[in-house]
Amino acid sequence: MSEAMVEVRGVHKSYAGVEVLKGVDLTVNRGEVTCLIGPSGSGKSTLLRCINHLEKHDAGELRVDGDLVGYEARNGKLYELNDKAICEKRSHIGMVFQRFNLFQHLTVLENITVGQTQVKNVDRDVARTKARELLKRVGLEGKEKHYPSQLSGGQQQRVAIARALAMEPKLMLFDEPTSALDPELVGEVLDVMKDLARSGMTMIVVTHEMGFAREVADTVYFLDGGVIEESGDPREVLLSPSSERLKNFLSKVL
Amino acid sequence: MSANGDVAVKVVPVRHVGRWIGLAAVSVLLAMLIHTLFFQVSSAKQACTLTNGVRVCHGVKVWRFQWDVVGQYFFTSEVLHGLLITVELTVISMIIGILLGMTIAVMRMSPNRVLSSLAWSYTWFFRGTPVLVQLVFWAFIGLLYPHLTIGIPFTHLAFVHIHVNVALTPFEAVFIGLGLNEGAYMSEIARSGLISVDEGQIEAASSLGMTRRQTLRLVVIPQAMRVIIPPTGNEVISMLKTTSLASAVGVLELFGAVENVYATNYKIMPLLVVASIWYLIVTTVLSIGQFYLERRFARGALRTPPPTPIQRLRADLRGIGSKFRTKRGVAEVSA
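Note that this is a predicted model, so its numbers are computed, not measured. (Residues numbered from 1 in each chain as written. Chains lettered and ligands numbered in written order. Predicted model: local features only at pLDDT ≥ 70, side-chain atom pairs only at ≥ 80, totals over all residues. Heavy atoms only, no water.)

Participant: Any chance you could break down the overall build of chain A for me, citing the residues and the numbers?
Facilitator: Along its length, chain A carries 9 helices and 12 strands. Taking 254 residues into account, the globule formula puts the C-alpha radius of gyration at 18 Å, and chain A, at 18 Å, falls close to it. Judged by the C-alpha coordinates and their principal axes, chain A covers about 50 × 50 × 35 Å. Every one of the 254 residues in chain A was classed for burial, and the buried ones make up 54%. In the form shown here, chain A has an accessible surface area of approximately 11000 Å², with 44% of it arising from carbon and sulfur atoms. (Helix = DSSP H or I, 4+ residues; strand = E, 2+ residues; numbered from the N terminus. Rg over C-alpha atoms; globule rule 2.2 N^0.38 Å. Buried < 20%, exposed > 50% of the residue type's maximum accessible area, 1.4 Å probe, protein only. Areas by Shrake-Rupley, 256 points an atom, 1.4 Å probe, with all protein chains shown as cover.)

Participant: Outline the environment of Arg-124 of chain A, supporting the account with residue identities and numerical values.
Facilitator: Relative to the helices and strands, Arg-124 of chain A is located in helix H4 (residues 124-137). Each C-alpha atom of the pair Arg-124 of chain A and Thr-113 of chain A lies 7.6 Å from the other, and the pair is 11 residues apart in sequence.

Participant: How would you summarise the packing of aromatic side chains if you had to cite specific residues and measurements?
Facilitator: Summed over all chains, the structure comprises 13 aromatic pairs over all chains. Measuring from ring centre to ring centre gives 5.5 Å for Phe-38 of chain B and Trp-67 of chain B, while their planes differ by 25 degrees; the resulting arrangement is stacked. Here Trp-67 of chain B lies in helix H2 (residues 67-74) and Phe-38 of chain B lies in helix H1 (residues 17-38), a separation of 29 residues in the sequence. Seen in terms of ring centroids, Phe-74 of chain B and Phe-75 of chain B are 5.0 Å apart; in terms of plane orientation they differ by 90 degrees. Their pairing is edge-to-face. Overall, Phe-75 of chain B belongs to the exposed group, its relative accessible area being 58%. An aromatic cluster is built from Trp-120, Tyr-122, Trp-124, Phe-125 and Phe-126 of chain B, whose rings are joined through pairwise contacts. One cation-aromatic arrangement involves Arg-163 of chain A over Phe-103 of chain A; the distance from NZ or CZ to the ring centre is 4.6 Å. (Phe/Tyr/Trp six-rings, centres within 6.5 Å; stacked < 30°, edge-to-face > 60°. Lys NZ or Arg CZ within 6 Å of the ring centre and 35° of its normal.)

Participant: Would you mind going over helix H8 (residues 170-196) of chain B in detail, with residue names and values included?
Facilitator: In a regular helix each residue adds 1.5 Å, so 27 residues correspond to 39 Å; H8 of chain B covers 39 Å between its end C-alpha atoms and thus fits that length. Along its length, H8 of chain B reaches its greatest deviation from straightness, about 30 degrees, at Ala-184 of chain B. (Expected span 1.5 Å × (residues − 1). Bend = angle between axes of the 7 residues up to and from the residue.)

Participant: Kindly report on the side chain of Ser-206 of chain B, identifying the contributing residues and their values.
Facilitator: Position of Ser-206 of chain B among the secondary structure elements: in helix H9 (residues 199-207). The residues touching Ser-206 of chain B, leaving out its near neighbours within four places in the chain, are Leu-54 and Arg-90 of chain A. (Contact = heavy atoms within 4.5 Å.)

Participant: Outline unusual backbone geometry, supporting the account with residue identities and numerical values.
Facilitator: Residues other than glycine seldom take positive phi values, yet Asn-121 of chain A does so here, at roughly 55 degrees. With respect to the element layout, Asn-121 of chain A can be found in the loop between helix H3 (108-118) and H4. Exposure remark for Asn-121 of chain A: the relative accessible area of 63% places this residue in the exposed category. For Tyr-266 of chain B, which is not a glycine, the phi torsion comes out positive at approximately 60 degrees. Relative to the elements of secondary structure, Tyr-266 of chain B occurs in the loop between helix H11 (254-265) and helix H12 (268-297).

Participant: I'd love a proper account of the pairing of strand S3 (residues 147-151) of chain B, names of residues and values included.
Facilitator: Residues and elements named next belong to chain B. In this sheet, strand S4 (residues 158-163) lies alongside S3 in antiparallel orientation, the contact comprising 5 bridges. When the sheet's bridge partners are listed, Gly-151 is paired in S4 with Ala-158. What sits between S3 and S4 in their antiparallel hairpin is a turn of 6 residues, with Phe-154 showing a positive phi close to 65 degrees. (Pairing = 2+ DSSP bridges.)

Participant: Explain the interface of chain B and chain A residue by residue, including any values.
Facilitator: At the junction of the two partners, chain B supplies 23 residues and chain A supplies 25 residues. Across the chain B to chain A interface the summed buried area is about 2100 Å²; carbon plus sulfur atoms make up 56%. At the junction of chain B with chain A, the criterion picks out 1 salt bridge. Joining chain B to chain A, the criterion identifies 7 residue pairs in polar contact (both at pLDDT 80 or more). Among the residues making up the side of chain B that touches chain A, the classes are represented as 8 nonpolar, 9 polar and 6 charged. (Buried area = accessible area lost by both parts, 1.4 Å probe. Salt bridge = Lys/Arg side-chain N within 4 Å of Asp/Glu carboxyl O. Polar contact = N/O pair within 3.5 Å; in protein donor to acceptor, adjacent residues only side chain to side chain. Nonpolar A, V, L, I, M, F, W, Y, C, P; charged D, E, K, R; others polar.)

Participant: So what about the sheet that holds strand S12 (residues 227-232) of chain A? Which residues, and what values?
Facilitator: Residues and elements named next belong to chain A. Spatial strand order, S8-S9-S10-S3-S11-S12: 6 strands in an open sheet with mixed pairing. Since the sheet does not close on itself, it has two edges, and those belong to strand S8 (93-96) and S12, each with one partner. On average, adjacent strands in this sheet sit at an angle of 15 degrees to one another, irrespective of strand direction. Relative to strand S10 (residues 203-206), strand S9 (residues 171-175) runs parallel, the two sharing 4 bridges. Each bridged residue has a counterpart across the sheet, and for Leu-173 the counterpart in S10 is Ile-204. With respect to the sheet, helix H5 (residues 153-165) is in contact with S8 and S9, its orientation differing from that of S8 by roughly 170 degrees. (Axes fitted to C-alpha atoms, helices over the stretch in contact; angles between N-to-C directions.)

Participant: Before we move on, can you summarise the nonpolar core with the specific residues and values?
Facilitator: All names here are of chain A. If you look at the biggest cluster of nonpolar residues, it comprises 48 residues, and the most contacted ones within it are Ile-112, Ile-161, Met-172, Phe-174, Met-193 and Met-203. Counting residues per element, this core draws most heavily on helix H6 (residues 183-198), at 8 residues. Ignoring any residue separated from it by four or fewer positions in sequence, one finds Met-203 in contact with Glu-32, Val-33, Thr-34, Met-172, Phe-174, Met-193, Leu-196 and Ala-197. (Core = buried A, V, L, I, M, F, W, Y, C linked by side-chain atoms within 4.5 Å.)

Participant: Just give me the short version of the state of the cysteines, but keep the residues and values in it.
Facilitator: Residue and element names in this part refer to chain B. The final tally for this structure, using the stated rule, is 1 disulfide over all chains. Across a sulfur-sulfur distance of 1.9 Å, Cys-48 and Cys-57 are joined as a disulfide pair. Of note, the bridge from Cys-48 to Cys-57 carries an S-S torsion of about 105 degrees and is right-handed in sense. Classification of Cys-48 by relative accessible area gives partly exposed; the value is 31%. (Disulfide = S-S within 2.5 Å.)

Written out as structure tokens, the structure reads:
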């Protein structure tokens, strides 16, 4: 088993003729927290979405846990996998969205059990027990019967994290998890994420929270214009940036 | 002047003269309506009696709408049987229509171009021709295809061979015709529901590893229902009345049944009233059903669901009760 959980080599991606990713390389080791920072439109979210094949990349190689994502290599060619096979691979990669995307018609408990029972065929009672444990872990005991619309943004995002964790993923992707939150609610979500990082989860986080990146990340990647401009230890990268563009970016967000 | 020296200015509310005039006009119209509906008017008929050898005649007063005749026919077996056929046709046609509509909507949104153009063509054809024409077409399909054969196309190998005129009764022809036509309309309603569901919901389902089919069944359709139900309720009520076209191909549903009756006794108006009242009753029942169905599928969409009419009535009564109690309480204190 290799040390790397995610390996990205020369990944390209275009939307309608506009190249969003222009050859990105990135490695995330097991148990590490990686933060992707950069101005909007730099391709951070696209890169994240390519990792669990929500977007198809056009060129390059993308491996999660040693496996190609969305493709199968045979006789020197890449064959796109069918829906079912891709879904199986995705079920091992958790994702948390900027806008939470909780299932509005399901209660908090149902949101956390639906993936377990329907995708992993876990017994309903086992799924419920697990859901309650996770709710306790994200500090939302007693909210089982609420609907997402009855919760605050911070609470919804914590449910979304619990929903992703219920699938027992080997990798968690966070797409600007605190950007849609009121400032006073950001902390409660970041605390859950810090706790998750301490537990040894491999995480890739697209974020504008520089404090979080500095404190929690093992590696920070700065994307700009579809390429990785600078990367490394957050204390070095964020405190003494070498490129002009990162200096410029940091002066705006800090 | 009040205690702290402010001048207390009295507020005079706006006088809504127009409202009072409107109320008066509506009252007169309502009185006229009640009068024409329920008061007896003198008719050309005369009733004569012989008393002590003297023949006394006087005009008979009758209801314009002949309520006595309405009452006489309201529960007759022809009418009730027609009502049953109407309800059956509505239910079966709508079930076909909804299932077909859902399927066509999903096909229409499929990335597969063959499926989506097939779905588009279906809607184009069945929406583009009158439903009455379609009903007559299905009723006389035997003229076009006297035999129905299931076998291998373009060969003489047949597994099943059916005489269409024997196999397809007019009743079946009607629900097939209405159902296929309804499918075209329902597909557009279902499609509007499906596209109303936020893209993020589908992404979240995918990220949990749900297949396209699971996403549709567990996430998209339950949320689309909130948008789909109100116009579907409309379609059901519309279908209830469209079934009256079945009388054109000899199926005696409610309208056909009363038509049959008034063809022999010429009591056209009262029998139309009989049919109308039954249509209104069924529509009312359906509307109540729609209300509760909407409430069921609104789960999670609203922080507090609106109260049911019964809950509202209870709350109102409680309100009146408490007001009554306080008034009495005040009266007791002042006494």
